[in-house]
Number of protein chains: 2
Amino acid sequence: MILLLAALLAAAAPPLEPDAIVAAAPPAAWRPIAPDNLMIIETAAGTMAMELAPDFAPAHVAAVRALVAAGRFDGGSITRVQDNYVVQWAAKPAPGASAVGQPPADRPKRTRPQPLPAEFERPAKGLAITPLGFPDAYAEAGFADGWPVAQDRKAGTAWLAHCYGTVGAGHDMPPDSGDGSELYAVIGHAPRHLDRNIALVGRVVSGLEPHAALKRGTEALGFYATPAEQTPVIRARLASAMPDAPRFEVMQTSSDSFAAYKTARANRSGFFVRPAGAVDLCNVRVPVRVAK
Amino acid sequence: MILLLAALLAAAAPPLEPDAIVAAAPPAAWRPIAPDNLMIIETAAGTMAMELAPDFAPAHVAAVRALVAAGRFDGGSITRVQDNYVVQWAAKPAPGASAVGQPPADRPKRTRPQPLPAEFERPAKGLAITPLGFPDAYAEAGFADGWPVAQDRKAGTAWLAHCYGTVGAGHDMPPDSGDGSELYAVIGHAPRHLDRNIALVGRVVSGLEPHAALKRGTEALGFYATPAEQTPVIRARLASAMPDAPRFEVMQTSSDSFAAYKTARANRSGFFVRPAGAVDLCNVRVPVRVAK
């Protein structure tokens, strides 16, 4: 009887909005972003904070950290903004190497210390994947440790999904030709067809907006026609090397709070006369907050 | 034997890229956008061409046409740009009515000639829907007469889908409170949760880029804090009322060319080492071209 009453009361209570669920989530529902996984990128347009994903692309993340430590992104440029697709920034060329930042056809081959492996997917084993629970055009979608992922149960593989803000490492035609010196963030409808074709190294957790609003490049693929149109990258640092680094927390996608948040995203109330009853992977948007 | 040989040759031929399929599509694979369904919106940021969708929201499209004819969008403003969501523009207030363009909480009630019905869906009957053929989180997805749509077979209803560039008519909390004087275009990941909660009146077919790159508003929902931040709408006209109107054509989504294009979007070659084998509704992007 008491259980029935509780169920009736629960049914009568207005459903919580996604934001209210996030605000009410207990401390255990959050994990901090480790300072060594937090890259702060200062550009002439603003400051982006990016979480690195060493569990998905360890060699690429190590290469990006090494480029940051060597100051290679300092003095780099945003070389490409393609509408409904990506904003891309490039490190300075290594000493003695040719310049980057021109459209690919005109760009002389870069020198690379060593090509990186094609870290496009990983074993699903070792990941605790919380299923999305709704159909996905591309694969079986879910979340692992705060990241949107997809998996192939038959092959036993999993991979990060291209959602708004996801960061990938550009490469030329050979899959193992990336070196971490050119990174792009998604600024349009999730280009999931790129999943498993590019090493994803992380995601922007703060400060993407002014970069998503940069003038689109007019050359093929959205590259800028002239260096003058590029936005300078002033510097990039790991939070672990900054005295006053910002700190962020990501909602644990295995938590009850996240489950409630996902359900609320699928069943919006208030303005919504017809809740969808479902939500796609990239519309869930894993909550991230500034750490108190 | 000849059939087998043809099949072998087909298997050996490199698959055509989506762009090549579009370029090779015969005239019968295209339909013109009727001049009365083509709205040209000139703003301080550029010129957008928008196809109206009278088959999905007839009363709203009639209201928008009437507002255009009355010059109500001339001297209007882009009042809202929300990152990964929408750019929204508003007509001038009707004579004697209060101003639009402030955040909703501060905005006095507008006067409306008459509220419009909540044209959020329509009978599927009368639409020839070509199925997407891949899973969709929200509904059964497909295409009708060049538009991305979704349907509910049990209810016998269909509706336009919120994809990048889709245009909706803003309304207040009551579903029938829209009047066509505030329109938004999607500039982020497809907000499909809005499907069936808003009257969709069309889509931008050209010129969205500079508007998607406008500075994001800093108030709630991306409204601009001050009128000075707004981008002026210079004028809006129907192509049928312009002497030198541009003309556009949309690929017939019932055509063989579109079927081949969709398959190619699902199975990218070249750079792609792992074709997805699928594509989601809003990543198909129905081809639109300038009429020769």
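Residues numbered from 1 in each chain as written. Chains lettered and ligands numbered in written order. Predicted model: local features only at pLDDT ≥ 70, side-chain atom pairs only at ≥ 80, totals over all residues. Heavy atoms only, no water.

Going by the annotation in an unreviewed UniProt entry, the name recorded for chain A is Peptidylprolyl isomerase, with Sandarakinorhabdus fusca given as the source organism.

## Things to note about the relation of the copies chain A and chain B
Once chain A is rotated about the relating axis by 180° and shifted along it by 0.0 Å, it coincides with chain B to within an RMSD of 0.0 Å. Considering both components of the superposition, the chain copies are consistent with a two-fold axis. (Least-squares fit on C-alpha atoms with pLDDT ≥ 70 in both.)

## Considering the environment of Glu42(A)
Residue and element names in this part refer to chain A. In this fold, Glu-42 is placed in strand E2 (residues 38-43). With 192 residues separating them along the chain, Glu-42 and Ile-234 place their C-alpha atoms 5.5 Å apart. Not counting residues up to four positions away in its chain, the partners in contact with Glu-42 are Thr-47, Val-233, Ile-234 and Arg-235. A distance of 2.5 Å separates the side chain of Glu-42 from the side chain of Arg-235, its partner in a polar contact. (Helix = DSSP H or I, 4+ residues; strand = E, 2+ residues; numbered from the N terminus. Contact = heavy atoms within 4.5 Å. Polar contact = N/O pair within 3.5 Å; in protein donor to acceptor, adjacent residues only side chain to side chain.)

## A word on the sheet that holds strand E6 (residues 122-123) of chain A
Residues and elements named next belong to chain A. Spatially, E6-E10-E9-E8-E7 is the arrangement adopted by the 5 strands of the open sheet, whose pairing is antiparallel. One side of each edge strand has no neighbouring strand; the edge strands of this open sheet are E6 and strand E7 (129-131). Where strand E8 (residues 140-144) and strand E9 (residues 147-152) come together, 5 bridges link them in antiparallel fashion. Within the sheet, the bridge partner assigned to Ala-144 lies in E9 and is Trp-147. (Pairing = 2+ DSSP bridges.)

## Quick word on the side chain of Asp74(B)
Residues and elements named next belong to chain B. Its location among the elements puts Asp-74 in the loop between helix H3 (58-69) and strand E4 (77-82). Judged by relative accessible area, which is 17%, Asp-74 ranks as buried. Within the local environment of Asp-74, its side chain forms a polar contact with the side chain of Arg-237, the two groups lying 2.8 Å apart. Apart from the residues within four sequence positions on either side, Asp-74 is in contact with Lys-92, Val-233, Ile-234, Arg-235, Ala-236 and Arg-237. (Buried < 20%, exposed > 50% of the residue type's maximum accessible area, 1.4 Å probe, protein only.)

## Structural notes on the interface of chain A and chain B
Between chain A and chain B, the contact holds 42 residues from the first and 42 residues from the second. Surface buried jointly by chain A and chain B totals about 3,900 Å² across both partners, of which 57% is contributed by carbon and sulfur atoms. Along the contact surface separating chain A from chain B lie 2 salt bridges. The salt bridge partner of Arg274(A) is Glu121(B), with a shortest N-O separation of 2.3 Å. Here chain A is connected to chain B by 19 residue pairs in polar contact (both at pLDDT 80 or more). Within the residue set of the side of chain A that touches chain B, elements represented by two or more residues are helix H4 (209-212) and helix H6 (281-284) of chain A. Here the side of chain A that touches chain B is built from residues that sort into 22 nonpolar, 8 polar and 12 charged. (Buried area = accessible area lost by both parts, 1.4 Å probe. Salt bridge = Lys/Arg side-chain N within 4 Å of Asp/Glu carboxyl O. Nonpolar A, V, L, I, M, F, W, Y, C, P; charged D, E, K, R; others polar.)

## What about the packing of aromatic side chains?
Under the counting rule described, the total for this entry stands at 6 aromatic pairs over all chains. For the ring pair Phe258(A) and Tyr261(A), a centre distance of 6.0 Å and an interplane angle of 40° mean the geometry is tilted. Here Phe258(A) and its partner Tyr261(A) are both found in helix H5 (residues 256-266), 3 residues apart, which amounts to about one turn of the helix. The same class applies to Phe258(A) and to Tyr261(A), which are both buried. Taken together, the ring pairs connect Phe143(A), Phe258(A) and Tyr261(A) into an aromatic cluster. Geometry around Phe56(B) places Arg122(B) over its ring, the cationic atom sitting 5.8 Å from the centre. Taking NZ or CZ as reference, Arg203(B) lies 3.9 Å from the ring centre of Trp147(B), over its face. (Phe/Tyr/Trp six-rings, centres within 6.5 Å; stacked < 30°, edge-to-face > 60°. Lys NZ or Arg CZ within 6 Å of the ring centre and 35° of its normal.)

## What to know about the pairing of strand E11 (residues 166-169) of chain B
All names here are of chain B. On E11, burial covers both faces: Thr-166 and Gly-168 on one face and Val-167 and Ala-169 on the other are all buried. As paired strands, E11 and strand E12 (residues 182-186) are joined by 3 bridges and run antiparallel to one another. The partner of Gly-168 across the bridge, within E12, is Tyr-184.

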